[in-house]
Amino acid sequence: MNESREYDGRVIKSFGKRFIVVTPDGTFDCEMRGRFRIGTGAISGPVVVGDHVTISVENPPYGAIESLLPRRNKISRPDISRPGKEQVIVANCDQLVVVSSVAQPKFKQRAIDRFLLSAERNEMDGVVVINKTDLATTGAHLRLAEIYQSIGYEAVLTSAAQGVGMDRLREIVRFKTSIFVGHSGVGKSSLLNTLQPGLAVATGEISDSTGRGIHTTTAVELHPLDFGGFIVDTPGQRVISMWEASVEELPSLFREFGPYLGNCKFRQCMHIGEPGCKITEAIQQGKIAPERYDSYLRIHQSLLDEKPEW
Ligand SMILES: Nc1nc2c(ncn2[C@@H]2O[C@H](COP(=O)(O)OP(=O)(O)O)[C@@H](O)[C@H]2O)c(=O)[nH]1
Ligand SMILES: [Mg+2]
Ligand SMILES: [Zn+2]
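Residues numbered from 1 in each chain as written. Chains lettered and ligands numbered in written order. Predicted model: local features only at pLDDT ≥ 70, side-chain atom pairs only at ≥ 80, totals over all residues.

## Quick word on the overall build of the protein chain
Counting secondary structure elements, the protein chain contains nine helices and 13 strands. Buried residues in the protein chain amount to 37% of all 310 residues. In the protein chain, once contacts between residues fewer than 6 apart in sequence are set aside, the share between residues at least 24 apart is 61%. (Helix = DSSP H or I, 4+ residues; strand = E, 2+ residues; numbered from the N terminus. Buried ≥ 20, exposed ≤ 12 C-beta atoms within 10 Å, placed from the backbone. Contact = placed C-beta atoms within 7 Å.)

So this is what it looks like as C-alpha cells:
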C-alpha cells in the first residue's frame, strides 16, 4: 500500500474538477474528495482559485483536496447560469495594485479612486503605483502620492523604464496575492516584466493593447513570483470593474471619510453640500483632500445617472 502524505497548499488554477495546487514541496494535480461536493448550498464550486487547502498525495503528481481553509475574502460575480447565486472567481487576494502614469497617458485621479473603491468593496488593500516618473515635468505626481499615503494607502512612484521604485514595488507584492489593474498604456506589462521576466506574457498582459486582454473566458489563475507571492491573472480587472456600489454605501468606501460619517446635521446627509455636513467641514479644515472629494462628487453623480463611466 502506498503511503499518503499531507501538504498545505494553494489552488492556483482549476480545470473543471481538477485543481492545480502549489505546496512548498511541489505542484500537484488534485481532485476534490466527494464530500466537498455535497451540500455546498449557495456557492457554485466550493473550491476556487486562491483557496488555501490541505491535500493528500499517494501517487505524485496526483493528489486529493482534503480540506478547505477559511477564506479571508473573495471576489465574486453573479452566476449567469444560476440566477440569484454568486460565483466566486478568486479567493484570498491581498491587494489591488492600481497602476497609473504621470504622462502618456496622464493620470486620471478618478480612475484611481474608482479602482480603490473596488478594493475597499472586496476587502483588499489598495496600492497606488504612479509610473513613468521619468516623464514628469511638474510635481503633481508627488502631491498625488502624498494624498494616498495620508489616507493610508501604499503609494509608490516608479519608472519601469529607468528601474526606479522597483525594489519598493517588489517588497510590496512579495508574499502577497496581488491583482494589477489600470488603463491601457500606463505600464502594467512593463512593471510586471521588470518584477519577473516573462510575467506579463504569462498573465496575458502583453496583448492588452485594447485594454480588454485576450481572454475569452474568465478563468482566473495565480502566477507564482520567484521571490514569493502571486499575481492574479488580468481577467480580474474586468471582474472587479463590475462593482455595483450603491449611492448609500459610497461614503463608507472613501476611507478618510470614516471618522466623520454619522455626525452630519442630517441623518440622511449625502455629503454633497448639505448644511452642517462634517465632510464639508473636514475639507475646509484641510483634513480631506479636495481632489478626493471631487472624485466622490463625480462618482456619486454617475451612480445617480446609472452610468458608471469606465
Ligand atoms: N517613459 C516611460 N515609458 C514607459 C514606462 N513604463 C512603460 N513605458 C512605455 O509605455 C508603453 C505602454 O507600456 P505597457 O507596459 O505596455 O502598458 P500596459 O498597457 O499598461 O501594459 C510602452 O511603450 C512602454 O515602453 C516608464 O516608466 N517610462
Ligand atoms: Mg499590458
Ligand atoms: Zn455630510
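## Let's talk about the nonpolar core
One finds Val90, Val98, Val128 and Val129 to be the most contacted residues of the largest nonpolar core, which totals 61 residues. Here this core gets five residues from one element, more than from any other, and that element is helix H1 (residues 109-121). Counting residues domain by domain, this core receives three or more from each of domain 1 (5-70) and domain 2 (95-241). (Core = buried A, V, L, I, M, F, W, Y, C linked by C-beta atoms within 7 Å. Domains from an automatic or database assignment.)

## Considering the sheet that holds strand E2 (residues 18-23)
Read around the barrel, five strands follow the order E1-E2-E3-E5-E4 and close on themselves; strand pairing throughout is mixed. In this sheet, adjacent strand axes meet at a mean angle of 50 degrees when their direction is disregarded. Here strand E3 (residues 26-32) runs beside strand E5 (residues 62-68); their pairing, made up of four bridges, is parallel. Note on E5: the bridge partner recorded for Met32 is Ile65. (Pairing = 2+ DSSP bridges. Axes fitted to C-alpha atoms, helices over the stretch in contact; angles between N-to-C directions.)

## Describing unusual backbone geometry
Here the amide bond leading from Pro60 into Pro61 is cis, since omega sits at 5 degrees, within 30 degrees of zero. Along the polypeptide, Pro61 turns up in the loop between strand E4 (52-59) and E5. Along the chain, Gln104 connects to Pro105 via a cis peptide bond; the corresponding omega equals 0 degrees. By the secondary structure assignment, Pro105 is in the loop between strand E8 (95-101) and H1.

## Thoughts on the sheet that holds E8
Spatial strand order, E10-E9-E8-E11-E13-E12: six strands in an open sheet with mixed pairing. Edge positions in the sheet fall to strand E10 (154-157) and strand E12 (222-224), since each of these pairs with one other strand and no more. On average, adjacent strands in this sheet sit at an angle of 25 degrees to one another, irrespective of strand direction. Sheet analysis places E8 next to strand E11 (residues 177-181), joined by four bridges and oriented parallel. The residue bridging Gln95 from the neighbouring strand is Ser178, located in E11.

## Section: the packing of helix H3 (residues 166-173) against helix H4 (residues 188-195)
It is at 10 Å that the axes of H3 and H4 come closest, and there the two elements cross at 80 degrees. When the axes of H3 and H4 are compared, the pair comes out roughly perpendicular. Contacts from Met166, Leu169, Arg170 and Val173 in H3 reach Leu191, Thr194 and Leu195 in H4. Looking at side-chain class alone, the contact of H3 with H4 contains five nonpolar, one polar and one charged residues. (Parallel < 35°, antiparallel > 145°, perpendicular 65-115°, else oblique. Nonpolar A, V, L, I, M, F, W, Y, C, P; charged D, E, K, R; others polar.)

## Describing helix H9 (residues 290-304)
Under the 1.5 Å per step criterion, the end-to-end length of H9 is 21 Å for 15 residues, consistent within 8% with the ideal 21 Å. Of all the residues in H9, the buried ones are Arg292, Ser295, Tyr296 and Ile299. For H9, the angular spread of the buried residues around the axis is 105 degrees, confining them to a single face. Exposed residues on H9 whose side chains face more than 90 degrees from its buried face are Pro290, Gln301 and Leu304. With its phi angle positive at about 55 degrees, Glu306 sits one or two positions after the end of H9. (Expected span 1.5 Å × (residues − 1). Arc of directions from axis to C-beta.)

Fair warning: the whole summary comes from geometry, so function is off the table for now.
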